[in-house]
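Structure at a glance
The chain contents come next:
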Amino acid sequence: MGSPTVLEESRAIDTHAHQPTSEFLHDAGGQMMRDAADRFGADLEPDTYENMIEEYRAAGVGRAVLLGWDAETNTGNPPVPNDYVAEVRDEHSDFFIGFGSVDPLKDDCVEEAIRCVEDLDLSGFKFQQIAQGFDPSDPEHEELWATIEDLGVPVVFHGGNSTLGACSPGGRGLKIKYGNPMLIDDVAADYPDLQILIAHPAYPWEKEQLAICQQKGNVYMDLSGWMPRYIDEQVLQYAQSLLADKVMFGTDYPMLEPEPWLEQFAALDFDEVTQRKILWENAEEFLDL
């Protein structure tokens, strides 16, 4: 790998990992996940957390954010329960950082958000607006954002297109407009104490995302969901210059695996200071580790 001295410290933090088990891949993912796998050649065979952690540690990654998932109202698929995320986190507390998920279209979303933090001690929240079918800038979600801001934990929003439902009739009804990061800009402006991480380089809205991250002090981004060689050149340029303190490493595991991602990242030949920021220092600050 390009800079082994960086990864030998095993401090890298993956800010975007999903369950390698059937709870996410089969139950919550359903047909829309199978569409994505068929289109992009991903393997949906469930695996164990022990194998996942071994794979990460072999690649020099010390911790990973394990994301919850609840898109039940829009997709009809069951969620990955927040209690389950907390249980997995507890069983592997030296590796996983647990993020819950609430369905913004459910009547009890605010109460569930409070329970996630106060009862389950989860460290933040994940939203996938395309799968969940909602516009984060809609005023009906103001109470949810205000509550999470008061709880003092960060949120991950999906950025850009989604491979879910790829090439299926009507894309399984999923609407990619909800992945436009400009909808997140409204939330960032109205809730300045809410720390926001936009997942993925937000294709085809990379420039909009870069502008938001540059202008909003409470907005960050990760590089998950894309192998480094395919990431837009302007994103990579900003990652090693103007936004070097705001870009983080992420894979989108198990769709992408840590070792090949890190090998391609090393080939970008970023300087060591920038690599340390992207691979763990920015995440340590964002996650308050």
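The name an unreviewed UniProt entry gives the protein chain is Amidohydrolase, with Haloterrigena gelatinilytica as the organism.

Observations concerning the pattern of salt bridges
Summed over the entire model, instances satisfying the criterion amount to ten salt bridges. A salt bridge links Lys277 to Asp245, with the nearest nitrogen and oxygen atoms 2.9 Å apart. With Lys277 in helix 14 (residues 272–286) and Asp245 in the loop between helix 12 (233–239) and strand 8 (247–248), this pair connects stretches of sequence that are 32 residues apart. If you follow the salt bridges from partner to partner, you end up with Asp70, Glu72 and Lys106 in one network.

Topic: the sheet that holds strand 4 (residues 124–127)
Taken together, eight strands build an open sheet; the order of strands is 1-2-3-4-5-6-7-8 and the sheet is parallel. Bordering the open sheet on either side are strand 1 (12–17) and strand 8, each of which pairs with just one other strand. With two bridges joining them, strand 3 (residues 96–100) and strand 4 adopt parallel strand pairing. Its bridge partner lying in strand 4, Phe99 is registered against Gly124. Along the sheet, helix 9 (residues 142–151) makes contact with strand 4 and strand 5 (155–158), crossing strand 4 at roughly 150°. Sheet contacts for helix 11 (residues 206–215): strand 6 (196–199) and strand 7 (219–222); angle to strand 7, the most-contacted strand, approximately 135°.

Examining the nonpolar core
The tendency in soluble globular proteins is for nonpolar side chains to be buried as a group. Ranked by size, the top nonpolar core spans 95 residues in total, and within it Phe125, Phe127, Trp145, Ile148 and Ile196 carry the most contacts. Residues within four places of Trp145 in sequence aside, it is in contact with Phe127, Phe134, Pro136, Phe157, Val187, Tyr191 and Leu194.

Some thoughts on the environment of His92
Along the chain, His92 turns up in the loop between helix 6 (82–91) and strand 3. The exposure class assigned to His92 is buried, which follows from its relative accessible area of 11%. For the pair formed by His92 and Ser137, sequence separation is 45 residues and the distance between their alpha carbons is 35 Å. Those residues in contact with His92 that sit more than four places away from it in its chain are Tyr49, Glu50 and Ile53.

Here's the deal with the environment of Glu263
Along the chain, the position of Glu263 falls in helix 13 (residues 258–267). Counting along the chain gives 24 residues from Glu263 to Leu287, while the straight-line C-alpha distance between them is 25 Å.

Things to note about the state of the cysteines
Here the structure, examined in full by the defined rule, presents zero disulfides. Of the cysteine sulfurs around Cys109, a residue in no disulfide, the closest is that of Cys116, at 11 Å.

A short note on the pairing of strand 5
Neither face of strand 5 is open: one carries Val155 and Phe157, the other Val156 and His158, and all of them are buried. Bridge count between strand 4 and strand 5: three bridges; the pairing is parallel. Of the residues in strand 5, the one forming a bridge with Phe125 is Val155. Where strand 5 lies against strand 6, four bridges are found, and the strand directions are parallel. In the sheet register, His158 faces strand 6, and the bridge partner there is Ala199.

Parameters at a glance
Residues numbered from 1 in each chain as written. Predicted model: local features only at pLDDT ≥ 70, side-chain atom pairs only at ≥ 80, totals over all residues. Heavy atoms only, no water. Salt bridge = Lys/Arg side-chain N within 4 Å of Asp/Glu carboxyl O. Helix = DSSP H or I, 4+ residues; strand = E, 2+ residues; numbered from the N terminus. Pairing = 2+ DSSP bridges. Contact = heavy atoms within 4.5 Å. Axes fitted to C-alpha atoms, helices over the stretch in contact; angles between N-to-C directions. Core = buried A, V, L, I, M, F, W, Y, C linked by side-chain atoms within 4.5 Å. Buried < 20%, exposed > 50% of the residue type's maximum accessible area, 1.4 Å probe, protein only. Disulfide = S-S within 2.5 Å.

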